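For reference, the chains in residue letters:
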Amino acid sequence: MSAWCKKPRDAGGRKWWMKEISLWFIFTASVAHASQTAAFLKSRDSEAAAASQAASAVLERASQPRSSFILITDGSAFSISLTKDLGERGAPGGVSVLTVAGDASANQTRINLLGVIQIGRQIQKASWRSTVVVASSDLLFLTVFAAAADEGRLVGSETRVLVVTSLALPEVRSLLGQSWVFSMCNAMLLNLPRDAADSRHNLFAHLPYGPTGPHLSRVASWTSASGLKFKSEVPLFPPKFDNFYGAPLNMTVHPFPPYWMEVESGRPDGSTVKRIAGRDYTMLETMAQALNFTISVMPDADWEEARELFILGHCVMKRTLDVNNNTHVLPPEQHDRGAPSLLQVILRVEQRRAFMSPMKLAIMPHLLKLYDFTTVIEPATLGFSMAKPTLKPRWQSLYYPLTDGVWASILAVLALVPVALILITKAGARMGSQSIRSMQRLVLEVAGSLVSQSSSGRGYDTSSTQVLLATWLIFSFIVSTAYRGNLTAFLTIPKYPDRPETLEQFIRTGAKATYPPDVVDFYNNFKKSDSYLYTTLASRMTLVPNFQVGLQEAIDLGQGYFYERMSLKLAIEEHFTSADGSTRLYVAGQNILPAYCAWPIPWGVPYKEKLNQFIMAFQAAGLIEKWTEDILKEARQESTAKQRRNANRKKEVQGTASDETDSDDDSEDSSSQGIMALTLTHLQGPIFLLLLGLLVSSLVFCVEILASWILKK
């Protein structure tokens, strides 16, 4: 033993001992790493399961009937567990899982997301409602998703969005406040815990309006022990547009009387102040009072914004003129200044620079590609105005009071009665050898009694002739009285020629048509239409700068001016109506476009439902029609008062008006102005009849002279 102990070790023995020790340490480290890995995987699975349970609890609590779930994820661990839970839980409209690789560049991630979002859009079209669940812990992925979902129109007015992420709240706070999808749409954030000691899964919602302005509100929290607990009165997926807390909302409008216009109102001190009025403004003002927001009307764009809007404008919305088959685009410098053009209004709505445009526009397919509309306000009221047909001089004015059948019956009776009288008198042997002159006198008396000529009474000695004569006189009295009454009515209320009231009737007249720049969209659609009426109308249409030119040409040239019907009525009331209420223009009674009108709003805005509720309430109460009638009535009264003031001013200048005129004199003047004297147009028939009688009598006289001269020979 001692010898062995004293024996020195060789080099090989030392290497073997060190190798054994190294293997021992490696084995120990491997066991420790395996234990830690198993613990980590178990912890991660536990966190993923908890996140999935929290998201499922939120979705179950806020479930909607016939709703579908669309899960978009970058393949993170908790998204896999969430996919499993959603698949097991199911949804009335189905569950769809769309995975996008999240480790690519921002541009590639955007391209991938846009492709996935198009699939999501197809899924949405097949379901009643949808809830989009976005699961990722990558800030870049969430940022790109927000932009891509907005661009691809994945999040609509009724779509809910739930963002599930383990990012720290400060990292996503700015994203929630700046992104349209997360800030303005119906979206919530489920923030997963980052600290193992904290098991709370917090739910947040960004509220763009509040007493202190935009803020992030903590709605609820979820733990595996206590479940979902609310931290405030704010519900899940809270409505963000029930109360705007007095915030100013940008509205962009193009002046469109009587729906939106600027009027002057008098003050007690005699000064005037300009204010906004109109039917659509009244609707908006009522909504503003109920929803507690301030109306902020955007002014006309400066040159920089106008050019920017012009460059960003879509080809279908550019203001164009078609001259000699060449399309000419009007630059901003040639647009009317002083108020936003219709092109500016449309682009401001599309780009969400404006909250909405509270003026009605016709819902056309190409506009739906740019922005959305509220619910229908009323049918599209595109119509036309023309000059009233004038009364043409006609000799038939004496013929109109009775129909053809009545005239034929009178002539038949007029021929029958004298024959009956002659036969009766002859049968009674009263006529004997009376001359032809007596028979002529009898015929003349019968015909004369029809025009109220008195009868001599001779030659009617028998009872039969007296009965026949009495019957004829009663008939003559009734017919002549009815004719005189109808003749008076036809002379004072003459029969005007038929006027076009429909598009088909207008096309048959062959008249030309004019339209203002605001109707260029309709003109372009008419040109592309398959309807003969619309294509024919487009071939006859010519652009005019404003309604004054169009309506004046309608009077002077017999053309039709096409515009919105109520606006036409208001323009005629204000500018083409005399003080006695008469006008030379009329508005056709039928709309020419089978479409509907609504307010333009940005696409996918969640406050669309709130606006629709107000509009439907206005329709149910009949307020839309009442407000329209009130505006037209006010315009009619203002036009009449203005014309009276102008007339009095002219009288004062001429020195014929007194300093003070009472209301009785004014009413007497207005009533006297309403009296219309009969003209040659009305009385041409009697004059022609008189001239014809003079001509016939002259001819008969000449014949008699010639006959007597021949007989004397």
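Look a little higher up for the structure.
Residues numbered from 1 in each chain as written. Predicted model: local features only at pLDDT ≥ 70, side-chain atom pairs only at ≥ 80, totals over all residues. Heavy atoms only, no water.

A. Spatial organisation of the overall build of the protein. Counting its regular elements, the protein contains 23 helices and 24 strands. Counting over 713 residues, the protein shows a buried share of 41%. Contacts spanning at least 24 positions in sequence make up 74% of the contacts within the protein whose residues lie at least 6 apart. Split by element, the accessible area of the protein, about 39,600 Å² in all, is 58% carbon and sulfur. (Helix = DSSP H or I, 4+ residues; strand = E, 2+ residues; numbered from the N terminus. Buried < 20%, exposed > 50% of the residue type's maximum accessible area, 1.4 Å probe, protein only. Contact = heavy atoms within 4.5 Å. Areas by Shrake-Rupley, 256 points an atom, 1.4 Å probe, with all protein chains shown as cover.)

B. Here's a closer look at empty space enclosed by the protein. Applying the stated criterion across every chain yields a total of seven cavities of 30 Å³ or more. Size it by volume and the largest cavity reaches roughly 310 Å³. Lining the largest cavity are 20 residues; nearest its centre among them are F256, K360, L361, D518 and F522. Every element with two or more residues in the lining of the largest cavity is listed here: α10 (342-350), β15 (361-362), α16 (520-528) and β21 (560-564). For the lining of the largest cavity, the per-class residue count stands at 14 nonpolar, two polar and four charged. (1 Å grid on protein atoms, 1.4 Å probe; cavity = no way out; pocket = protein on both sides within 12 Å on 5 of 7 lines; lining within 4 Å. Points joined across faces, edges and corners; volume = space filled by probe spheres on them. Nonpolar A, V, L, I, M, F, W, Y, C, P; charged D, E, K, R; others polar.)

C. Region of interest: the packing of α16 against helix α17 (residues 532-540). Packing of α16 against α17 brings their axes to within 7 Å, and their N-to-C directions diverge by 125 degrees. Here α16 is positioned oblique relative to α17, judged by the angle of their axes. When you trace α16 past α17, the crossing you get is left-handed. Facing α16, whose interface residues are Y523, F526 and K527, α17 presents Y534, T535, L537 and A538. Taken together, the residues of the contact of α16 with α17 break down into five nonpolar, one polar and one charged. (Axes fitted to C-alpha atoms, helices over the stretch in contact; angles between N-to-C directions. Parallel < 35°, antiparallel > 145°, perpendicular 65-115°, else oblique. Left-handed = near helix turned anticlockwise from the far one by under 90°.)

D. Representation of the pattern of salt bridges in the model. For the structure shown, the criterion picks out 13 salt bridges. Across the pair D372 and K608 runs a salt bridge whose closest N-O atoms are separated by 3.1 Å. Taken together, the positions of D372 in strand β16 (residues 372-373) and K608 in helix α20 (residues 608-621) put the pair 236 residues apart, joining distant regions of the chain. Take D372: its relative accessible area is 14%, and that puts it in the buried class. (Salt bridge = Lys/Arg side-chain N within 4 Å of Asp/Glu carboxyl O.)

E. Inspection of the nonpolar core at higher detail. Formed by 63 residues in total, the largest nonpolar core has its most connected members in I72, F145, V161, F182 and F293. Per element, the largest residue contribution to this core is seven residues, and it comes from helix α5 (residues 139-151). When sequence neighbours within four positions are dropped, the list of residues in contact with F293 reads F244, G246, A247, L249, M251, L284, M287 and A288. Residues V345, M364, F373 and F526 belong to the second largest nonpolar core, which totals 58 residues. (Core = buried A, V, L, I, M, F, W, Y, C linked by side-chain atoms within 4.5 Å.)

F. Main features of unusual backbone geometry. A cis amide bond links P257 to the next residue, P258, at an omega of 0 degrees. Among the secondary structure elements, P258 is positioned in the loop between β9 (247-251) and β10 (261-266). A positive phi angle, near 65 degrees, is found at R352, a position not held by glycine. By secondary structure assignment, the location of R352 is in the loop between α10 and β15. Residue classification places R352 among the partly exposed residues on the basis of a relative accessible area of 25%.

G. Structural view of helix α14 (residues 463-492). For α14, with 30 residues, the first-to-last C-alpha span of 44 Å sits near the 44 Å given by 1.5 Å per residue. For α14, the set of buried residues is T465, L469, W472, S476, V479, S480, Y483, L487 and L491. (Expected span 1.5 Å × (residues − 1).)

H. Region of interest: the packing of aromatic side chains. This model, assessed by the stated rule, comprises 22 aromatic pairs. Ring plane angle 25 degrees and centroid distance 6.4 Å describe the contact between F145 and F182, whose orientation is recorded as stacked. Of this pair, F145 sits in helix α5 while F182 sits in helix α7 (residues 180-183); the two residues are 37 residues apart in sequence, bridging distant segments of the chain. Each member of the pair, F145 as well as F182, is classed as buried. A centroid spacing of 5.3 Å and a plane angle of 70 degrees characterise the contact between F618 and W627, whose relative ring orientation is edge-to-face. One aromatic cluster in this structure is built from Y209, F241, F244, F293, F355 and Y607. Over the ring of W180 we find R352; its NZ or CZ atom is 4.1 Å from the centre of that ring. The ring of Y586 has R499 lying over it, and the distance from NZ or CZ to the ring centre is 4.2 Å. (Phe/Tyr/Trp six-rings, centres within 6.5 Å; stacked < 30°, edge-to-face > 60°. Lys NZ or Arg CZ within 6 Å of the ring centre and 35° of its normal.)

I. A look at helix α6 (residues 169-178). All buried positions along α6 are accounted for by L169, V172, L175 and L176. Down the axis of α6, the sector holding all buried residues measures 125 degrees, keeping them to one side. What points out from α6, more than 90 degrees from its buried face, is the exposed set P170 and Q178. Buried-residue contacts for α6 involve α5, α7, β5 (186-191), β6 (201-207) and β7 (215-223). (Arc of directions from axis to C-beta.)

J. Spatial organisation of the sheet that holds strand β4 (residues 160-165). Taken together, the eight strands give an open sheet; going across it, the order is β2-β1-β3-β4-β5-β6-β7-β8, and neighbouring strands pair in mixed fashion. Edge strands, defined here as strands with exactly one partner in the open sheet, are β2 (95-99) and β8 (227-230). Neighbouring strand axes in the sheet, compared pairwise and without regard to direction, differ in orientation by 20 degrees on average. Sheet analysis places strand β1 (residues 67-73) next to β2, joined by five bridges and oriented parallel. Within β2, the position partnered with L71 by the bridge is V97. Running over the sheet, helix α4 (residues 106-125) touches β1, β2 and β3 (129-135) and is turned about 170 degrees from β1. In this fold α6 packs onto β5, β6 and β7, with an angle of close to 175 degrees to the strand it touches most, β5. (Pairing = 2+ DSSP bridges.)

K. Up close: the side chain of S127. With respect to the secondary-structure elements, S127 resides in the loop between α4 and β3. A distance of 3.1 Å separates the side chain of S127 from the side chain of S68, its partner in a polar contact. Among the polar contacts made by the side chain of S127, one reaches the main-chain carbonyl oxygen of R129 at a distance of 3.4 Å. (Polar contact = N/O pair within 3.5 Å; in protein donor to acceptor, adjacent residues only side chain to side chain.)

L. Structural view of the environment of F614. By secondary structure assignment, the location of F614 is in helix α20. In this structure F614 comes out as buried when scored by relative accessible area, which is 17%. Note: C-alpha distance between F614 and M287 (327 residues apart in sequence) is 7.1 Å.

M. Region of interest: the sheet that holds β15. Reading across the sheet, the three strands line up as β15-β23-β17 and stay open at both edges, with antiparallel pairing between neighbours. Pairing within the sheet leaves two strands with one partner each, and these edge strands are β15 and β17 (378-379). Alignment of β17 against strand β23 (residues 596-598), held across two bridges, turns out to be antiparallel. Bridge pairing links P379 to Y596 in β23.

N. Spotlight on the pairing of β6. Of all the seven residues making up β6, seven are buried; the element is thus mostly covered by neighbouring parts of the structure. Along β6, one buried face is formed by H201, L203, A205 and L207 and the opposite face, lined by N202, F204 and H206, is buried too. Where β6 lies against β7, seven bridges are found, and the strand directions are antiparallel. Looking at β7, one finds that H206 is bridged to L216.

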